[in-house]
Amino acid sequence: MDPVEVAAAPDAGPGPAWQNKCPWGTPNTTSISCSLADVMSEQLAKELQLEEENAAFPEVVAVAEGPFISGENIDTSSDLMLAQMLQMEFDREYDAQLRREEKKFNGDSKVSISFENYRKVHPYDSDSSEDEVDWQDTRHDPYRADKPTTTPRKGFTGKGKDITTKHDEVVCGRKNTARMENFAPEFQVGDGIGMDLKLSNQVFNALKQHAYSEERRSARLHEKKEHSTAEKAVDPKTRLLLYKMVNAGMLETITGCISTGKESVVFHAYGGNATEERTIPAECAIKVFKTTLNEFKNRDKYIKDDYRFKDRFSKLNPRKIIRMWAEKEMHNLTRMQNAGIPCPHVVNLKKHILVMSFIGQDQVPAPKLKDVTLSSEDMKKAYCQVLEMMQRLYKECSLVHADLSEYNMLWHDGKVWFIDVSQSVEPTHPHGLQFLFRDCRNVSQFFQKGGVVEALNERELFNAVSGLNITAENEVDFQEEIETLEKMNEDHVQNQGKKLMMFSRDGDPPIYDE
């Protein structure tokens, strides 16, 4: 930098001392004068710019100083060489500016954005030797095996002893390995081509069949997840129905699962606001029937021969059976409730969701009869209640439980409660008497094991409940007479085309009017 000239102000001459100290006096000023050549100096401007950049970005490496064309051995007579050197200098300046922009953009942030993809990569800047090969810039990868070539139309290649047909083992093996790339993306086949793997036709066909099976299985699992209820869980459609019940005010909140079974899942909930049309208890039980069809494929015998649902039963649309199953339990519970039999009260039915009153207290369900320990008096009392309830269920409700056991009877408030009546049928069902005999056997065996001396055996209990007087010396003959009565009723229904009540209310044997 050239020296600057400093010019002092001209002397004002001698004067009083107070004038030099007067604040209103003219101050002594000094000015620094610069020549025009210094102001227009390109070197000065460049130095000032570098000082600002270093102050703003101290960590960034400055652009290399010096002339962009240097060296005595460089031939500058070639236009191509000059163009390459100019391009190199431009790329360096561009990369330096890009670094500054990146530093300014990121600042002190912990997450930084890189501008490396926008840098100019000049081939002369590479530090690699001339012998190295950039495999990304080549079209051929020496570490990747070639895909098998197609066989010409004539079916063979080569001549003489070197002839190779399309049935060659090596050719077929490589073709099969290449065909594995057409499998589904979910089926991992690995890099068989890179390893020059040769698969036989038998192995390839087995893998192909397995890939198709896995693809179909994954589709079935996805469909099952969307349209079925899993154990202790519900599908999105069922969850939406439960949300609607809560939003409508029918339920206040759903606390959790209290019971699981083969066909349904039971949840506990607190009741919402009651209305004039419907009374909602303080605690409710939500029975969600599973929408999987596997559990219902053998259960159609309980509903297809029931005259109440026979016309609506369709094997072509088995999903409707699940809704009919919930509707059937609602109708059966209504009959039992009207007859005064202790059972859950129906609150609401929505598709495959049945809302009932909760048998229990404070989210604790009533214990099953098989889990409770009763005294001899309470056991005898429970047996008398079950006997009376079975008779009223058969005669007043015209129903047979069809799955009565200690697992479907609850003990609450000193009495027995019947639950799970979705499979209950009428006595006129083609297998109604067989279901009743099975119920009598389960009840008789349970109370006899419980020490109830007054408990009847299954044949005596069957006659006491049904009012029939079947006298058979052994169980085989007893069941044969039951099957005969069922066969007579079924033939009569087929001939007449309508149901006929087999048994009169007073318990007399069936009378058929021909």
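Model, not experiment: these values are computed from the prediction.

**Some remarks on the overall build of the protein chain**
Then, in step 1: Across its full length, the protein chain holds twelve helices and 13 strands.
Then, in step 2: For the protein chain, the proportion of its 514 residues judged to be buried stands at 33%.
Then, in step 3: Considering only contacts in the protein chain between residues 6 or more positions apart, those separated by 24 or more positions represent 58%.
Then, in step 4: Put simply, the protein chain shows about 34500 Å² of open surface, and 50% of that area lies on carbon and sulfur atoms.

**As for helix α4 (residues 79–106)**
Then, in step 1: Helix length check: α4, at 28 residues, gives a terminal C-alpha distance of 40 Å against a target of 40 Å (1.5 Å per residue), a fit within 8%.
Then, in step 2: Among the residues of α4, M85, M88, E89, D91, D95, A96, L98, R100, E102 and N106 are the ones counted as buried.
Then, in step 3: Looking at the residues trailing α4, positive phi occurs at G107, about 65°.

**Some words on the nonpolar core**
Then, in step 1: Formed by 48 residues in total, the largest nonpolar core has its most connected members in F418, F447 and F462.
Then, in step 2: When residues of this core are traced back to their parent elements, those giving at least two are α8 (319–339), β9 (353–357), α9 (376–395), β12 (409–412), β13 (415–418), α10 (432–449), α11 (458–466) and α12 (475–496).
Then, in step 3: Element by element, the count of residues in this core is highest for α9, at nine residues.
Then, in step 4: Residue contributions to this core reach at least three from each of two domains, namely domain 2 (233–365) and domain 3 (367–502).
Then, in step 5: Filtering out sequence-adjacent residues up to four positions away, F418 remains in contact with M336, I341, P342, C343, P344, V386, M389, M390, L393, L404, N408 and M409.

**Considering a positive patch on the surface**
Then, in step 1: Taken together, the side chains of K237, K244, K320, R323, K350 and K351 make up a positively charged region of the molecular surface.
Then, in step 2: Elements represented by at least two residues in the positive patch include exactly α7 (236–247) and α8.
Then, in step 3: The residue K244 is located in helix α7 in this model.

**Describing the layout of surface pockets**
Then, in step 1: By volume, the largest pocket amounts to about 720 Å³.
Then, in step 2: Considering the residues around the largest pocket, the lining is formed by 31 residues, among which S259, V266, N408, I419 and D420 are closest to the centre.
Then, in step 3: Its residues placed into classes, the lining of the largest pocket shows 14 nonpolar, nine polar and eight charged.
Then, in step 4: The two domains that each donate at least three residues to the lining of the largest pocket are domain 2 (233–365) and domain 3 (367–502).

**Things to note about the pattern of salt bridges**
Then, in step 1: What the rule picks out here adds up to seven salt bridges.
Then, in step 2: The salt bridge partner of K370 is D371, with a shortest N-O separation of 2.7 Å.
Then, in step 3: We classify D371 as partly exposed; its relative accessible area is 48%.
Then, in step 4: The partner of R392 in a salt bridge is E388, and the shortest N-O contact between them spans 4.0 Å. With R392 and E388 both in helix α9, this residue pair falls four residues apart, about one helical turn.
Then, in step 5: Of the residues examined, R392 reaches a relative accessible area of 23% and is grouped as partly exposed.
Then, in step 6: Connected via shared salt-bridge partners are K287, E329 and D420.

**A word on the pairing of β13**
Then, in step 1: The pairing of β12 with β13 spans four bridges and is antiparallel. Its bridge partner being in β13, H412 is matched across the sheet by K415.
Then, in step 2: If you look at the hairpin formed by β12 and β13, you'll find two residues sitting between the two strands, and D413 has a positive phi there, around 55°.

**Quick look at a negative patch on the surface**
Then, in step 1: A contiguous patch of negative charge on the surface is contributed by E473, D477, E480, E481 and E483.
Then, in step 2: Tracing the sequence through the fold places E481 in helix α12.
Then, in step 3: Residue classification places E481 among the partly exposed residues on the basis of a relative accessible area of 33%.

**Topic: the packing of aromatic side chains**
Then, in step 1: Evaluated as defined, the whole model comprises six aromatic pairs.
Then, in step 2: Look at F437 and F462: their rings are 6.1 Å apart centre to centre, the planes differ by 70°, and that puts the pair in the edge-to-face class. One end of the pair, F437, is in helix α10; the other, F462, is in helix α11, and 25 residues separate them in sequence.
Then, in step 3: An aromatic cluster is built from Y383, F446 and F447, whose rings are joined through pairwise contacts.

**Here's the deal with the pairing of β9**
On a regular strand, each side chain points to the face opposite its neighbour's, so the side chains alternate between the two faces of the sheet.
Then, in step 1: Burial analysis of β9 places five of its five residues in the buried class, which makes it a mostly covered element.
Then, in step 2: Where strand β7 (residues 283–289) lies against β9, five bridges are found, and the strand directions are antiparallel. Bridging from a neighbouring strand, I286 pairs with V355 of β9.
Then, in step 3: Across four bridges, the pairing between strand β8 (residues 346–350) and β9 is antiparallel. Across the sheet, the residue bridging to K350 is I353, located in β9.
Then, in step 4: Joining the antiparallel neighbours β8 and β9 is a turn of two residues, in which K351 adopts a positive phi near 55°.

**Structural notes on the side chain of Q423**
Then, in step 1: Tracing the backbone shows Q423 in the loop between β13 and α10.
Then, in step 2: There is a polar contact of 3.4 Å between the side chain of Q423 and the side chain of S422.

**A closer look at empty space enclosed by the protein**
Which parts of space are left empty comes out when a probe the size of a water molecule is rolled across the atoms.
Then, in step 1: In this structure the tally under the stated criterion is three cavities of 30 Å³ or more.
Then, in step 2: Taken together, M390, L393, Y394, L399, V400, H401, L404, L436, D439 and V465 make up the full set of residues lining the second largest cavity.
Then, in step 3: Grouping the amino acids of the lining of the second largest cavity by side-chain chemistry returns eight nonpolar, one polar and one charged.

About the cut-offs
Residues numbered from 1 in each chain as written. Predicted model: local features only at pLDDT ≥ 70, side-chain atom pairs only at ≥ 80, totals over all residues. Heavy atoms only, no water. Helix = DSSP H or I, 4+ residues; strand = E, 2+ residues; numbered from the N terminus. Buried < 20%, exposed > 50% of the residue type's maximum accessible area, 1.4 Å probe, protein only. Contact = heavy atoms within 4.5 Å. Areas by Shrake-Rupley, 256 points an atom, 1.4 Å probe, with all protein chains shown as cover. Expected span 1.5 Å × (residues − 1). Core = buried A, V, L, I, M, F, W, Y, C linked by side-chain atoms within 4.5 Å. Domains from an automatic or database assignment. Patch = residues over 30% accessible without salt bridge, like charges linked within 9 Å, V, L, I, M, F, W, Y side chains within 5 Å. Salt bridge = Lys/Arg side-chain N within 4 Å of Asp/Glu carboxyl O. Lys, Arg positive; Asp, Glu negative; His and termini not counted. Charge placed at Lys NZ, Arg CZ, Asp CG, Glu CD. 1 Å grid on protein atoms, 1.4 Å probe; cavity = no way out; pocket = protein on both sides within 12 Å on 5 of 7 lines; lining within 4 Å. Points joined across faces, edges and corners; volume = space filled by probe spheres on them. Nonpolar A, V, L, I, M, F, W, Y, C, P; charged D, E, K, R; others polar. Pairing = 2+ DSSP bridges. Phe/Tyr/Trp six-rings, centres within 6.5 Å; stacked < 30°, edge-to-face > 60°. Polar contact = N/O pair within 3.5 Å; in protein donor to acceptor, adjacent residues only side chain to side chain.

So yeah, pure geometry; function would need other evidence.
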